[in-house]
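Single-letter residue listing:
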Amino acid sequence: MTSPIRTERHDDVLVIISDNPPVNALGHKVRQGLKDGIEQALSDDSVKAVVIRCDGRTFFAGADITEFGKPPVGPNLPETLDEMEASDKPVVAAIHGTALGGGCEVALACHYRVAVPSAKMGLPEVKLGLIPGAAGTQRLPRVVGVENALPMVVQGNPITAKKALEIGLLDQIVGEDSLEADAIAFARAQIGKPVKRSSEGTAQQDGVKNPGLFDEFRAKNARRIRGVHAPEAGIQAVQAATRLNYADGVKKERELFVELMSGTQSAAMRHYFFAERAANKIDDIDPQTKTIEIAKVGVIGAGTMGGGIAMNFLSAGIPITILEMKQDALDRGTGVIRKNYERTAARGRMKPEQVDQAMGLLTTTLDYADLADCDLVIEAVYESMEVKIDVFGKLDEVVKQGAILASNTSYLNVDEIAQATKRPGYVLGLHFFSPANIMKLLEIVRGAETRDDVLMTAMKLAKKIGKVAVVSGVCHGFIGNRMLSPRQVQANALLMEGAKYWEVDDVLLEFGFPMGPFQMADLAGIDIGWHRDPSKVTNIREALCAADRFGQKNGKGFYDYDEARNRTPSDEVQSIIADFARKEGHEQREISTDEIRERLLYPMVNEGAMILDEGMAQRASDIDVVWINGYGWPLTTGGPMFWADTVGLDVVLAGLEKHGLPVSDYLRRKAEAGERFN
Ligand code: T1G
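Definitions and cut-offs
Residues numbered from 1 in each chain as written. Predicted model: local features only at pLDDT ≥ 70, side-chain atom pairs only at ≥ 80, totals over all residues. Heavy atoms only, no water. UniProt positions renumbered as here; feature names shortened; annotations may be inferred. Buried < 20%, exposed > 50% of the residue type's maximum accessible area, 1.4 Å probe, protein only. Helix = DSSP H or I, 4+ residues; strand = E, 2+ residues; numbered from the N terminus. Right-handed = clockwise from strand over helix to strand, strands pointing away. Pairing = 2+ DSSP bridges. Contact = heavy atoms within 4.5 Å. Axes fitted to C-alpha atoms, helices over the stretch in contact; angles between N-to-C directions. Phe/Tyr/Trp six-rings, centres within 6.5 Å; stacked < 30°, edge-to-face > 60°. Core = buried A, V, L, I, M, F, W, Y, C linked by side-chain atoms within 4.5 Å. Domains from an automatic or database assignment. Arc of directions from axis to C-beta. Polar contact = N/O pair within 3.5 Å; in protein donor to acceptor, adjacent residues only side chain to side chain.

Named according to an unreviewed UniProt entry, the protein chain is Enoyl-CoA hydratase/isomerase family protein originating from Qipengyuania psychrotolerans. The annotation that UniProt attaches to the protein chain under Catalytic activity (unreviewed entry) is "a (3S)-3-hydroxyacyl-CoA + NAD(+) = a 3-oxoacyl-CoA + NADH + H(+)". UniProt, in its Subcellular location (unreviewed entry) section for the protein chain, records the words "Peroxisome".

Okay, structure coming up:
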């Protein structure tokens with residue numbers, strides 16, 4: 001079996017080259033090849049210097065994540081890197097693409113590091129619930145100092161080659177197209193000089209200079225690392241670099257790494273890494289299917305959703321024409337788009353000229369005829385089937401043949417909408433989540449007649465506009481909202497039975513959600529869809545509206561809000577609820593947090609099981625991707641279906657039965673067979 005690693009001689013310099021697509025992951029064959037190449041270089045006196053580089057699109061992008069959780073095979077990376085670093089012959093890392101995780105650690109163990117201007121370097125292990133495990137937390141602070149090392153390890157974001165040069169992680173930025181030659185020249189220039197070993201540096205002074213550094217960092221990042229294990233471990237590992245010698249620091253890193261690797265949070269986050277990528281794949285369509293070129297997009301409706309949807313395309317450089325019924329709605333909508341961009345620019349996340357660039361791609365119209373040459377039109381009008389059928393009828397008449405017509409509906413039947421046109425094969429749902437220019441999730445709703453090329457086009461376009469897309473079948477609420485519904489039903493039932501609304505919210509906050517159902521209701525607005533008749537009270541929301549409690553928008557909903565939008569539970573609301581429950585004849589009782597959590601989350605898992613059984617989602621991990629990206633399900637538990645696997649489907653089944661809740665045949669079958677969803 002050929003090794004993914006080969007060596008090439010350039011006179012007195014040996015170049016070790018990895019060719020392990022797609023990202024030169026450091027699988028066992030690569031590690032073996034690297035070790036053999038290093039030993040070849042060290043044992044050959046005619047070799048005076050070494051360059052390590054990779055073919056393909058990137059320098060090593062980390063350990064091979066598919067190997068995690070399996071018995072280790074082949075040489076381990078830390079020892080191979082120590083052997084390399086111990087050499088007296090200069091070893092130079094020649095970096096392009098993204099030197100990430102173990103890849104960045106290979107570079108750190110080299111004596112020198114050069115990169116092309118477009119390269120990036122980082123230690124993203126924390127995003128997998130881990131920390132670097134090949135001495136990255138010990139070498140990096142010794143090279144760039146603790147203040148630069150901490151955010152790289154604890155937040156896991158890559159830095160540019162320019163930034164890496166500034167902080168001393170790179171020794172030189174070389175020509176974009178002359179990496180190998182420049183790296184060889186750089187290596188040759190080091191021959192005969194004492195080599196620079198990262199592990200021989202010291203980070204002690206950082207710890208002494210500012211002993212409060214680590215606690216300050218913890219405090220500044222408290223919200224982000226609440227309940228997540230890896231970031232704290234990363235802080236401790238970097239702190240060890242300031243307190244211990246290198247060997248003991250590496251031992252501390254190894255201890256922390258092994259503990260994280262064996263934990264459920266890392267298993268969940270690694271599951272999500274592959275789940276997000278699997279969601280791009282449509283199992284029954286040839287990946288080579290030719291897609292439709294989308295050069296111009298139309299959006300119907302310049303409201304919150306239409307404007308947000310339009311921004312996704314404008315930001316990706318795709319021209320947009322927005323249609324509205326009235327000029328003042330158009331002006332308002334485009335004004336909001338510009339304001340959103342200007343706010344982003346004010347935060348330094350966009351250059352002012354980029355605002356003008358994006359706005360320059362936006363045209364507006366009151367006339368459907370102006371949409372005739374669009375390749376895709378997305379309808380984002382009022383959530384009424386009647387209105388949507390009318391809009392699609394008009395679009396079908398006007399927009400060129402072969403163009404895609406998409407609905408942003410959150411619930412409605414996309415097949416029924418498709419039947420309102422003569423082109424049902426070109427109709428699908430593109431369900432964006434509000435705010436559409438921010439939320440990553442896009443549900444692509446596949447109609448019964450949606451063509452394969454149309455679906456593949458939508459999936460490819462989703463990636464282009466930076467969305468995480470999941471294909472859903474046509475059912476009420478698709479995947480996300482369909483599973484939200486049983487949770488809402490239980491949340492209201494729990495109030496009727498005596499649970500305090502803040503207790504219900506607190507259970508989900510504790511679980512890791514950004515907010516609970518009643519906090520969400522206050523944010524969205526309790527009065528949405530209210531009939532405005534205070535004398536007509538048939539549910540709790542109407543009772544609150546009747547008491548002028550509309551949510552955050554008027555300072556009081558389930559909670560009372562101060563100017564800073566801090567929320568406090570309201571006695572008035574609790575008595576409104578208790579009165580309403582009494583009138584409805586409900587007995588009130590104390591309800592445990594376990595019961596609240598089980599009744600909120602297990603019915604969601606059951607709905608997910610039905611979605612799978614009906615083929616409305618391609619795979620269980622797609623459901624996890626939906627809930628993590630669309631509703632804030634905590635990444636550290638991997639999503640509802642992965643979490644249910646962790647809890648045990650037998651436990652979920654028993655819980656549903658204990659609370660008298662429905663159990664789908666699919667869930668029962670899986671539970672009784674001792675199977676998992678993922
Ligand atoms: N291991 C295995 N497979 C990987 C992989 C990895 N590290 N990285 C990517 N892939 C697969 C991915 O599943 C997909 O497969 C294909 O490559 C293209 O990826 C020892 C312990 C490099 C920025 O966390 O961030 O090192 O779907 O679609 O958008 O201390 O991949 O085609 O079958 O993402 O161009 C640390 C993870 C590991 C980097 C490229 N490294 N990868 O993005 O392509 S832990 C990471 C990425 C570690 C050390 C520790 C991105 C990318 P398929 P893609 P992309």
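That was the structure; now back to the text.
Draft legend 1. Layout of the pairing of strand E3 (residues 49–54). Burial analysis of E3 places 6 of its 6 residues in the buried class, the great majority of the element. Neither face of E3 is exposed, since Ala49, Val51 and Arg53 on one face and Val50, Ile52 and Cys54 on the opposite face are all buried. Considered for its hand, the β-α-β crossover made up of strand E2 (residues 13–18), helix H1 (residues 28–43) and E3 is right-handed. With 3 bridges joining them, E3 and strand E4 (residues 91–95) adopt parallel strand pairing. The residue of E4 that forms the bridge with Val50 is Val91. In this fold, E3 hands off to helix H2 (residues 77–85), which returns the chain to E4; that crossover is right-handed.

Draft legend 2. Representation of the sheet that holds strand E8 (residues 159–160). The mixed open sheet is built from 3 strands, whose spatial order is E5-E7-E8. Lying at the two open borders of the sheet, with one neighbouring strand each, are strand E5 (98–100) and E8. As paired strands, strand E7 (residues 120–122) and E8 are joined by 2 bridges and run antiparallel to one another. Bridge pairing in E8 places Lys120 opposite Thr160. Against the sheet, helix H3 (residues 102–109) makes contact with E5 and E7, and its axis sits at roughly 90 degrees relative to E5, the strand it touches most.

Draft legend 3. Spatial organisation of the packing of aromatic side chains. This structure, assessed with the given rule, holds 19 aromatic pairs. Note on Phe59 and Phe60: the rings are 4.9 Å apart at their centroids and 70 degrees apart in plane angle, and the pair reads as edge-to-face. Note on Phe60: relative accessible area 0%, which makes it buried. Judged by centre distance (5.1 Å) and plane angle (80 degrees), the rings of Tyr501 and Tyr559 are edge-to-face. Here Tyr501, found in helix H21 (residues 501–511), pairs with Tyr559, found in strand E18 (residues 559–561); they are 58 residues apart in sequence, far enough to count as distant.

Draft legend 4. Focus on the nonpolar core. Of all hydrophobic cores here, the largest spans 72 residues; its most connected members are Val504, Phe558, Leu601, Trp627, Trp633 and Phe677. Of the domains in this structure, domain 2 (297–476) and domain 3 (500–584) are the two that each give at least three residues to this core. Ignoring anything within four residues of it in the chain, the contact list for Trp627 reads Ile479, Gly480, Met483, Leu484, Arg487, Phe513, Met604, Gly632, Trp633 and Pro640. Among the nonpolar cores identified, the runner-up in size contains 70 residues, and Val116, Leu123, Val146 and Leu170 belong to it.

Draft legend 5. Inspection of the sheet that holds strand E1 (residues 5–10) at higher detail. Taken together, the 6 strands give an open sheet; going across it, the order is E1-E2-E3-E4-E6-E9, and neighbouring strands pair in mixed fashion. On the outer flanks of this sheet lie E1 and strand E9 (172–173), each paired with one strand and no other. Pairing of strand E6 (residues 112–115) with E9 involves 2 bridges; the strand directions are parallel. Paired with Val114 across the bridge in E9 is Gln172.

Draft legend 6. View of the domain arrangement of the protein chain. Along its sequence, the protein chain is carved into domain 1 (5–261), domain 2 (297–476) and domain 3 (500–584). The C-alpha-based centres of domain 1 and domain 2 are spaced at 43 Å.

Draft legend 7. Examining H2 more closely. Those residues of H2 lying buried are Leu77, Thr80, Leu81, Met84 and Glu85. All buried residues of H2 lie within an arc of 130 degrees about the axis, which places them on one face of the element. For H2, the secondary structure elements touched by its buried residues are H1, E3, E4, H3 and helix H4 (136–144). For H2, the N-terminal cap is Asn76; the gap from its side-chain oxygen to the backbone nitrogen of Glu79 is 2.9 Å.

Draft legend 8. Spatial organisation of the UniProt feature "domain: 3-hydroxyacyl-CoA dehydrogenase NAD binding" (unreviewed entry) in the protein chain. Here the UniProt-annotated "domain: 3-hydroxyacyl-CoA dehydrogenase NAD binding" (unreviewed entry) positions come out as residues 296–472. Structurally, residues 296–472 is divided into 41% helix and 20% strand, and its ends, taken at the C-alpha atoms, are 25 Å apart.

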